[in-house]
Amino acid sequence: MVSLRDIPSVDQILHNPRTEQLLGLYGHAWTVSAIRELQEDLRQSVQNIAEMPSDEELINSLEAILEHQSQPSLRAVINATGVLLHTNLGRAPLSRAALAAIERVASGYSTLEYDLAKGSRGKRDMHASALLTRLTGCESALVVNNNAAAVLLALSALAKGKKVAISRSQLVEIGGGFRIPDVMKQSGAKLVEVGTTNRTRLSDFEQAIAEGASMLLVAHQSNFKIIGFTEEPTLEDLAKLAHQHNLPLMVDLGSGALLDTAKYGLAQESTVQETLSKGADLVCFSGDKLLGGPQAGILVGKNELLAKIRRHPLYRAIRADKLCLAALSATLLHYLKGEAEQEIPLYQMLSRSFEDLTAQVQRWIDRLQDGSALEGLSTVGGGSLPGETLPTCLFALKVKSPAKFTAKLREANPPIIARVQEDLLLLDPRTVLSWQEETLLTSLQTILLERKELS
Ligand SMILES: *Cc1c(COP(=O)(O)O)cnc(C)c1O
């Protein structure tokens, strides 16, 4: 029988020679609090154990507690799901140049708000805005924390207390609680729903203007599609109508691609520059969706509108930080130089061919001496291009318990996130970054070996 009195005291554990090393690594206060946790675990389990663990075992447990507590909870993972912009896995990975730009700017001081030529205060807006003007043809640009913030800010600055007309088919919920009607309410704008779920005509907007709407809003149906008997006025017609009445047309593009996604076998989407040239006065989009950059909300459009937005107090609260601006500028530069496909991870992944992916899966099969190749689909995800998929080749492994196997994969370092389909474990090489491939295979090899030893 083990009794509570057999549990060693804090001092006893502290004086174990092996604790010395842990004290050096984690400090006194943290180690003591971990010892208390260990004692509590022992108290809970005293009735169920035949004898007290040895000192050696106790220190091992203490070490495990400390190691676990020192792991950051925000960790790098290997995304083998084939979802390119996986919202839960951090959306777009950054290019090397974007990472280097973050390091350059963050490791010391920078010209964040400093004008080198004048030797005086500068504006943080200018960094990305010069590039955005060149790329999209906009008059002016502004960067905030994310696109949800961009929509809220724009509506707050331009439409507080005013009526904003939007088609019923676009009262979308993006996920994570972002609902267009709720954001409009929060901004103080009055929502005027026009048309029906499946059909909205230009005359519906004309009616709303006649009834006092002072802005027209178009929101991208980012994560769903309405098919069948549908109708929406074109952007050109909406812009013409808005301008006849001297009203602004705002477009929440959501993804906001700068490149033609049709080139990769995906649906034709209006790019940011096309949306502006069709007459939108203000366009907002995310930095970490189809742009392939850092989390950001980007607003581009007419000088006059952006000047108003810049003056709103909310801008100060949600403006982009220097890390974001550094990474965003480096990402935009890839587009300007025409090297987006070579340098931006998202476009590298989008442009991989089925043949190339099949050859890669075959190499995995040869190396692991297990699994098989299976045709499947990668998806864009991240509320971008709904229902859009790309043919891919999957590495498929028949497993007895997919739940247990995926749990093992998540315990690997870095954790591997995979897909399951019935009794098949599926890994899509498209979203496994090239520098992670070796680690992925080594981890898989270890897990497969353990499985053989067990059976
Ligand atoms: C994704 C999305 C948002 C939100 O963008 P975040 O950058 O995630 O804040 C807003 N509107 C639309 C249409 C979207 O697709």
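In case you missed it, the structure is sitting above this.
Residues numbered from 1 in each chain as written. Predicted model: local features only at pLDDT ≥ 70, side-chain atom pairs only at ≥ 80, totals over all residues. Heavy atoms only, no water.

Examining the packing of helix 2 (residues 17-26) against helix 4 (residues 55-70)
Right, on to step 1. For the pair helix 2 and helix 4, the least separation of the axes is 10 Å and the interaxial angle reads 10°. On the basis of their axis angle, the class for helix 2 and helix 4 is roughly parallel. Contacts between helix 2 and helix 4 involve Arg 18, Thr 19, Leu 22 and Tyr 26 on the former and, on the latter, Glu 56, Ile 59, Asn 60, Leu 62, Glu 63, Leu 66, Glu 67 and Ser 70. (Axes fitted to C-alpha atoms, helices over the stretch in contact; angles between N-to-C directions. Helix = DSSP H or I, 4+ residues; strand = E, 2+ residues; numbered from the N terminus. Parallel < 35°, antiparallel > 145°, perpendicular 65-115°, else oblique. Contact = heavy atoms within 4.5 Å.)

Regarding the packing of aromatic side chains
Right, on to step 1. One pass over the structure, following the stated rule, counts four aromatic pairs.
Right, on to step 2. On the numbers, 5.5 Å between centres and 55° between planes, the contact of Tyr 264 with Tyr 347 is tilted. In this pair, Tyr 264 sits in the loop between strand 10 (249-254) and helix 11 (272-277) while Tyr 347 sits in helix 16 (residues 345-350), placing the two residues 83 residues apart along the sequence. Across the pair, Tyr 347 and Tyr 264 agree in class, each one buried. (Phe/Tyr/Trp six-rings, centres within 6.5 Å; stacked < 30°, edge-to-face > 60°. Buried < 20%, exposed > 50% of the residue type's maximum accessible area, 1.4 Å probe, protein only.)

Regarding the environment of Pro 402
Right, on to step 1. Position of Pro 402 relative to the elements: it lies in helix 18 (residues 402-411).
Right, on to step 2. As for Pro 402 and Leu 425, which are separated by 23 residues in sequence, their C-alpha atoms are 6.4 Å apart.
Right, on to step 3. Residue contacts for Pro 402: discarding those within four places in its chain leaves Val 420, Glu 422 and Asp 423.

Structural notes on the sheet that holds strand 12 (residues 297-301)
Right, on to step 1. The seven strands lie next to each other as 4-12-11-10-9-5-8, forming an open sheet whose pairing is mixed. Looking at strand neighbours, the two that pair on one side only are strand 4 (140-144) and strand 8 (190-194), the edges of this open sheet. Between one strand axis and the next, the sheet turns by 25° as a mean value, whatever way the strands run.
Right, on to step 2. The sheet contact formed by strand 11 (residues 282-286) and strand 12 spans five bridges and is antiparallel. (Pairing = 2+ DSSP bridges.)

Structural notes on the pairing of strand 14 (residues 389-398)
Right, on to step 1. Counted residue by residue, strand 14 has seven buried out of ten residues, so it is predominantly covered.
Right, on to step 2. The pairing of strand 13 (residues 372-379) with strand 14 spans eight bridges and is classified as antiparallel. Bridging from a neighbouring strand, Ser 378 pairs with Leu 390 of strand 14.
Right, on to step 3. Examined bridge by bridge, strand 14 and strand 17 (residues 424-427) share four bridges and lie antiparallel to one another. Within strand 17, the residue paired with Ala 396 across the bridge is Leu 426.

Side note on the site of the ligand
Right, on to step 1. Taken together, 13 residues sit near the ligand, with Arg 91, Ser 222, Asp 252, Ser 286 and Lys 289 positioned nearest.
Right, on to step 2. At 2.8 Å, a side-chain N or O of Lys 289 approaches an oxygen atom of the ligand.
Right, on to step 3. Taken by itself the ligand offers 380 Å² of open surface, and the protein chains cover 94% of this. (Near = heavy atom within 4 Å. Polar contact = N/O pair within 3.5 Å; in protein donor to acceptor, adjacent residues only side chain to side chain. Areas by Shrake-Rupley, 256 points an atom, 1.4 Å probe, with all protein chains shown as cover.)

So, the pairing of strand 5 (residues 163-167)
Right, on to step 1. With four of its five residues buried, strand 5 lies for the most part within the structure.
Right, on to step 2. Where strand 5 meets strand 8, five bridges bridge the pair, whose relative direction is parallel. Residue pairing across strands places Ala 165 opposite Val 192, the latter belonging to strand 8.
Right, on to step 3. As judged from the four bridges shared by strand 5 and strand 9 (residues 213-219), these two strands associate in the parallel manner. Looking at the pairing, Val 164 lines up with Met 215 of strand 9.

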